[in-house]
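Examining the three-dimensional arrangement
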Amino acid sequence: MQRARARVTGAEQIGPYTLLRVARGSLEPGIPGQFFMLEAPGRPLPRPMSLCLTPPGELAFLIDPIGPGTRALCALQPGDRLAILGPLGNGYRLDVERPLLVGGGIGAAPLPYLSDALGHPPAILGFRSDWHAEAAQLVPNAEVVVEPTFVTEALSPGHDVFACGPEPMLAAVAKLEPAAQLAWEAPMACGHGACYGCAVQIDGEIKRLCVEGPVLAAEAVAA
Amino acid sequence: MKILNASGCLDALTAPAVARSLDAFVTKSVTPLPREGNAPPRIAEVEHGMLNSIGLANPGIDRFLAHTLPRLRELEVPIWVSVGGFAVAEYADLCDRLDDRPEVEAIELNVSCPNVDDVPASVGEIVAASRAATRKPLYTKLSPATADIAEVARAAQKAGTDGLSLVNTILGLALDEQTLKPRLSRGAGGLSGAALKPIALAAVYACYEATGLPIVGMGGITSGRDALELVAAGAASVALGTILFADPGAPARIRAELASEIANLGVGEIDNAIGLAHAEPAAISKTAGRSAAMSVQ
Ligand SMILES: Cc1cc2nc3c(=O)[nH]c(=O)nc-3n(C[C@H](O)[C@H](O)[C@H](O)COP(=O)(O)OP(=O)(O)OC[C@H]3O[C@@H](n4cnc5c(N)ncnc54)[C@H](O)[C@@H]3O)c2cc1C
Ligand SMILES: Cc1cc2nc3c(=O)[nH]c(=O)nc-3n(C[C@H](O)[C@H](O)[C@H](O)COP(=O)(O)O)c2cc1C
Ligand code: FES
């Protein structure tokens, strides 16, 4: 766990999302699926963000502006600085044979880095609109479905599934693929086990998602 | 002058380097039985702070003594154990179980958890029963949500507390932008962070004047300047809470900022700044406060 004040090197619009690039400095990228706590300018608490891409010398985050913190992050300009803590939590296990990446909406965020780590396996990405689906350009070999079609309709059996997306999507994937690795979300104040705000039920016990997850085996979270 | 963490705002086992940057580590409040805590969502950011309704999630005293404490001991940081109960006898029992553990430097009595009656009589009873159960230094942690905190502090002093921890959170409510329903599943939650600082200052100021006991000041400290203000109000030590979520490097940073604040102030030692906000700072030290507390037993 490193904390550094990173310099913003770029902020690009991709559909409704912003790809925020920062100079890597002393920060390690970590394992795909791990996350970082990003200082949200003007807000008391940082925000958890998955690492999206690792351009040389940079770290990049794909951010959906849904509230005050994410809007403040998306408003950052090159040259601005922000404190970043990470990498945090447990990422995806990469030792699988037939990887398939599944993402829904902003759940596509960790998949570009994961795809690079796995040698660009096939991916299925679901989005609310064509505008949102612009984010699919970040994931090689992606098949895109747009609502009312859901990713689970495009899922074929016989794969090692890596998924990230809204809870209903993860629950549906877990039903079809009990061995899938799923990246969950919970409200997080700290990301390092201090606040107990991110508690979820894992293996029948209340545990901290930032410590045990955010990536969990589907069967661990039988909802 | 020590810099501690506020109870419930750091896990020394998941962030050992942060714990080692403190003068002592304060545990999350331990209760007699394990508690899972409240249903999520149990945190919400608000302007200048946050709300939490964690609900004292902890492994319970048995597991704490068997598993957590031995691992904390390996960190070689002085350990303060915060205890929380729902009846006077529970506090006494918790103190009794901790009394013979050499790795425990002090016990903090969290008498300000929302499920315990917060009237002075019961704070006095809790402290008296705890005092009888342990020789360890006892710090009593009070809620600012009371009409006269000085009176509660005096009751704790009379019952034999060695010091005070001020303050715990105060209830607040946040509503969802769209639905206008409470954002926490439990409804209201404890407000912490910068918004709490003036409340903490008032509590420390009043209790210092009322008791002269050593005070661990906390509530909204984000900078060395904030820490200095609590010291001037009467705190002999300070604890960092919500700031540790955003900045786990805060102990070292605030220590350095405080040192330069003190240098600018030109009062020499930091301890000389204790109580500066008062017309006549009571010349107290830890030991003086402690013996004063002992003599009224
Ligand atoms: C491990 C982890 C990784 C994440 N990675 C990314 C990422 O790469 N990119 C990204 O854009 N976001 C990511 N998120 C989600 C992001 O952290 C939240 O969207 C952000 O904290 C919201 O802050 P805010 O102040 O903008 O909005 P808030 O005011 O906190 O929320 C605005 C609205 O959205 C709702 N909301 C808040 N958080 C969530 C959530 N997690 N899921 C669903 N609804 C929510 C709230 O109830 C509220 O109605 C991640 C979350 C976690 C836990
Ligand atoms: C998430 C969270 C959990 C807390 N848990 C406890 C606890 O278990 N026991 C306790 O005495 N205080 C607890 N507190 C209160 C803090 O110790 C502290 O009194 C309060 O947060 C004010 O300090 P701050 O503004 O610096 O955070 C908690 C606070 C927060 C934010
Ligand atoms: S986010 Fe604070 S404990 Fe998980």
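Check the entry above for the structure.
Residues numbered from 1 in each chain as written. Chains lettered and ligands numbered in written order. Predicted model: local features only at pLDDT ≥ 70, side-chain atom pairs only at ≥ 80, totals over all residues. Heavy atoms only, no water.

Points about the site of ligand 1
The criterion, for reference: Proximity criterion: a residue is near a molecule or strand once any of its heavy atoms comes within 4 Å of it. A 3.5 Å cut-off defines polar contacts: any pair of N or O atoms within that distance qualifies, except that in protein one atom must be a possible hydrogen donor and the other a possible acceptor, and neighbouring residues in sequence count only when both atoms are side-chain atoms. The way it works is that DSSP assigns letters per residue, a run of H or I at least four long becomes a helix, a run of E at least two long becomes a strand, and they are numbered from the N terminus. The classification used treats Ala, Val, Leu, Ile, Met, Phe, Trp, Tyr, Cys and Pro as nonpolar, Asp, Glu, Lys and Arg as charged, and all other residues, Gly among them, as polar. Note that the domain bounds were set by an automatic or database domain assignment.
Looking at ligand 1, there are 20 residues lining it, with P48(A), L62(A), G69(A), T70(A) and E185(A) nearest. Surrounding ligand 1 are residues belonging to chains A and B, so the site spans chains. In the environment of ligand 1, an oxygen atom lies 3.1 Å from a nitrogen or oxygen atom belonging to the backbone of G67(A). Within the contact set of ligand 1, a nitrogen atom lies 2.3 Å away from a side-chain nitrogen or oxygen of E185(A). Elements represented by at least two residues in the shell around ligand 1 include exactly β4 (47-50), β5 (58-63) and α1 (68-74) of chain A. Among the elements that make up the shell around ligand 1, the one with the highest residue count is β4(A) (4 residues). By residue class, the composition of the shell around ligand 1 is 12 nonpolar, 4 polar and 4 charged. The two domains that each donate at least three residues to the shell around ligand 1 are domain 1 (2-88) and domain 2 (99-220) of chain A.

Section: helix α9 (residues 250-265) of chain B
All names here are of chain B. Definition in use: Helix span, as expected, comes to 1.5 Å for every residue beyond the first. Accessible area is worked out with a 1.4 Å probe on protein chains only. A residue is then buried under 20% of its type maximum, exposed over 50%, and partly exposed in between. Directions are taken from the helix axis to each C-beta atom, and the arc is the one they span. What makes two residues a contact is simply this: any of their non-hydrogen atoms within 4.5 Å.
Along its 16 residues, α9 runs 22 Å from first to last C-alpha, staying within 8% of the 22 Å computed at 1.5 Å per residue. Listed as buried for α9 are A250, P251, I254, L258, E261 and I262. For α9, the angular spread of the buried residues around the axis is 95°, confining them to a single face. Seen from the open side of α9, the exposed residues pointing more than 90 degrees away from its buried face are A263 and N264. At its buried positions, α9 is contacted by β1 (3-5), α1 (16-20), α7 (224-233), β12 (237-240) and α8 (243-246). Backbone geometry just downstream of α9 places G266 in the positive-phi region, at approximately 70°.

Some points on the sheet that holds strand β10 (residues 189-192) of chain B
For sheets, the rule is that strands pair by backbone hydrogen bonds, running either parallel or antiparallel. Residues and elements named next belong to chain B. For clarity, the cut-off: Any two strands are treated as partners once DSSP identifies two or more bridges connecting them. The axes used here are C-alpha line fits, helices contributing only the stretch in contact, and every angle between their N-to-C directions lies in the interval 0 to 180 degrees.
Spatially, the 4 strands line up as an open sheet ordered β3-β4-β10-β9, and their pairing is antiparallel. Lying at the two open borders of the sheet, with one neighbouring strand each, are β3 (43-46) and β9 (170-172). Taking each pair of neighbouring strands and ignoring which way they run, the sheet shows an average axis angle of 40°. As paired strands, β9 and β10 are joined by 3 bridges and run antiparallel to one another. Considered in β10, the bridge of G172 is made with G189.

Comments concerning unusual backbone geometry
When glycine is set aside, most residues are seen to have a negative phi, and most peptide bonds are trans. Here the residue pair E147(A) and P148(A) is connected by a cis peptide bond, since its omega of 15° sits within 30 degrees of zero. Within the element layout of this structure, P148(A) appears in the loop between β9 (142-146) and α3 (151-154). Residue P41(B) is reached from P40(B) by a cis peptide bond, and omega for that bond is -5°. Checked against the element boundaries, P41(B) lands in the loop between β2 (25-26) and β3. Even without a glycine there, the phi angle at Y196(A) is positive, about 60°. Locating Y196(A) in the fold gives a position in the loop between β11 (181-183) and β12 (199-202).

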